[in-house]
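Summary of the model geometry
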Amino acid sequence: MAQSKEWNWNNADKEKWLKPSEDSIYLAKKWAEEGARSILDLGCGLGRHALYFAQKGFKVTAVDLSKEAVESAKKLRRENQADFLCTRADMMQLPFANDAFDRVFSYHVISHQDTEGVQNVVDEITRVLKPSGKVFLTLCSKEHYAFSEERFPHIDANTVLKTEGAEVDVPHFFADKEALKKLFHDYSFVQVRHITDCEMSEDDSRERSHYFVEAIVHKEPTKLDYSDIIGTTVECTIDRPLGSFHPRHKDLYYPINYGYVDGIFAGDGEEQDVYILGVDEPLQTFVGKVIAVYHRYNDNEDKWIVASDGKDFSDEEILQQIEFQENFFDGVLVR
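Keep in mind that this is a model prediction, so the values were computed, not measured.

With that settled, the discussion passes to the overall build of the protein. Scanning the protein from N- to C-terminus turns up six helices and 16 strands. Each principal axis of the C-alpha distribution contributes one length, and for the protein these read about 75 × 40 × 40 Å. Counting every position in the protein, which comprises 335 residues, the buried fraction comes to 50%. Taking contacts inside the protein between residues at least 6 apart in sequence as the whole, the part at least 24 apart equals 68%. Distance from the positive charge centre (39 side chains) to the negative charge centre (61 side chains) of the protein: 3 Å.

What follows deals with the environment of Asp280. Mapped onto the secondary structure, Asp280 falls in the loop between β13 (271–277) and β14 (285–296). Residues Asp280 and Thr232 lie 48 residues apart in sequence; the distance between their C-alpha atoms is 22 Å.

With 12 residues, helix α1 (residues 22–33) extends 17 Å between its outermost C-alpha atoms, agreeing within 8% with the 16 Å of an ideal straight helix rising 1.5 Å per residue. Within α1, the full set of buried residues consists of Asp23, Ser24, Leu27, Ala28, Lys30 and Trp31. Contacts made by the buried residues of α1 are with β1 (38–42), α2 (48–55), β4 (101–106), β5 (129–141), β9 (187–197) and β10 (208–217). The positive-phi residue at the C-terminal boundary of α1 is Gly35, with phi of around 90 degrees.

Our focus in this paragraph is the packing of α1 against α2. Contact geometry for α1 and α2: axes closest at 10 Å, N-to-C directions at 30 degrees. For the element pair α1 and α2, the recorded crossing hand is right-handed. Of α2, the residues touching α1 (which contributes Ser24, Ile25, Ala28 and Trp31) are His49, Tyr52 and Phe53. Here the contact of α1 with α2 is composed, by residue class, of five nonpolar, two polar and no charged.

Further remarks concern the packing of aromatic side chains. Enumeration according to the criterion identifies 16 aromatic pairs in this entry. Centre to centre, the rings of Trp31 and Phe53 are 6.1 Å apart; their planes meet at 20 degrees, and the pair counts as stacked. Residue Trp31 is found in helix α1, and its partner Phe53 is found in helix α2; the two are separated by 22 residues along the sequence. As far as the burial class goes, Trp31 and Phe53 line up, both buried.

Turning next to unusual backbone geometry. Negative phi values dominate among residues other than glycine, just as trans dominates among peptide bonds. Even without being glycine, His108 reaches a positive phi, approximately 55 degrees. Structurally, the position occupied by His108 is in the loop between β4 and α4 (115–128).

The bond known as a disulfide is covalent and runs between the sulfur atoms of two cysteines. Under the definition given, this model contains zero disulfides. The thiol of Cys44 is not disulfide-bonded; the next cysteine sulfur, from Cys86, is found 4.2 Å away. Cys140 takes part in no disulfide bond, and the closest cysteine sulfur to it belongs to Cys198, at a distance of 16 Å.

The end-to-end C-alpha separation of α4 is 21 Å, in line with the 20 Å expected for 14 residues at 1.5 Å each. When we look at burial in α4, the residues that qualify are Gly117, Val118, Gln119, Val121, Val122, Glu124, Ile125, Thr126 and Val128.

With respect to the secondary-structure elements, Asp330 resides in the loop between α6 (315–326) and β16 (331–334). Not counting residues within four places of it along the chain, the set of residues in contact with Asp330 comprises Arg37, Ser38, Lys59, Ala100, Tyr294, His295, Arg296, Tyr297 and Asn298.

Procedures and definitions
- Residues numbered from 1 in each chain as written.
- Predicted model: local features only at pLDDT ≥ 70, side-chain atom pairs only at ≥ 80, totals over all residues.
- Heavy atoms only, no water.
- Helix = DSSP H or I, 4+ residues; strand = E, 2+ residues; numbered from the N terminus.
- Buried < 20%, exposed > 50% of the residue type's maximum accessible area, 1.4 Å probe, protein only.
- Contact = heavy atoms within 4.5 Å.
- Lys, Arg positive; Asp, Glu negative; His and termini not counted.
- Charge placed at Lys NZ, Arg CZ, Asp CG, Glu CD.
- Expected span 1.5 Å × (residues − 1).
- Axes fitted to C-alpha atoms, helices over the stretch in contact; angles between N-to-C directions.
- Left-handed = near helix turned anticlockwise from the far one by under 90°.
- Nonpolar A, V, L, I, M, F, W, Y, C, P; charged D, E, K, R; others polar.
- Phe/Tyr/Trp six-rings, centres within 6.5 Å; stacked < 30°, edge-to-face > 60°.
- Disulfide = S-S within 2.5 Å.

So this is what it looks like as structure tokens:
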């Protein structure tokens, strides 16, 4: 399985990659009519699709392996005052919970792997999609000119290695119908289009063919079970006390105490974060019981809700008190 390799954007026509594709325009309308809410833009590039979906009212999370691409997407977000999350991530190991998204959109991205790697990426998409969620993605076709180009070496039966342009040393997987059926064994196809961009110049041998796939996943929902956590007593260190501001995002004010549990590590590799409820003064330390867990879908860490022993709060009260930060994420409260 090939290691993921980021694009070299210095060799790319950036203007081309700032305009949303026709497919995104169609799907934004279609998915909104279907009641979809959350979208993962997998391989977001410079942010063109994340911006478009966010402007159409979706809750968007955008990821890309390229640091330059992510910084450009964040800049595009700021310039347009748009609301979407954007972070670096490898499509081979997505930093999100199971059943996180209603839709996954991936445009000219997952072909940048060998055969084993592409199956790994589809399996990751399956994991982060909600039951009956949909994916739209594109794959290179074996009828694409590059598949038979002698100067591009084959590294397996379906994959060649590019030797020029923005994709030097980037593997390219090429599909046919049988490959699609194997890749999407947990899905039913909504629509599969096979499109060739015809070359009308004198050199008409460099025609580019792609599959455009929309499919619906069939899976059982993941059961959330925090019975081993809720009710336990924890010792907390408060590093962002009530009345303070986020150390990097200076406009994020903490109306409650926020800290972590020493020695217990969350999905992000850092110590487990906690919200402290029921104390109206800044704290440095706190001992209390976990009364609930806020499970973030579009992130790789949960948040524990801690209160003094004997105190409890309704779901509505908890959600209201943590909304100042959790409104940036998609999640669910588990009791």
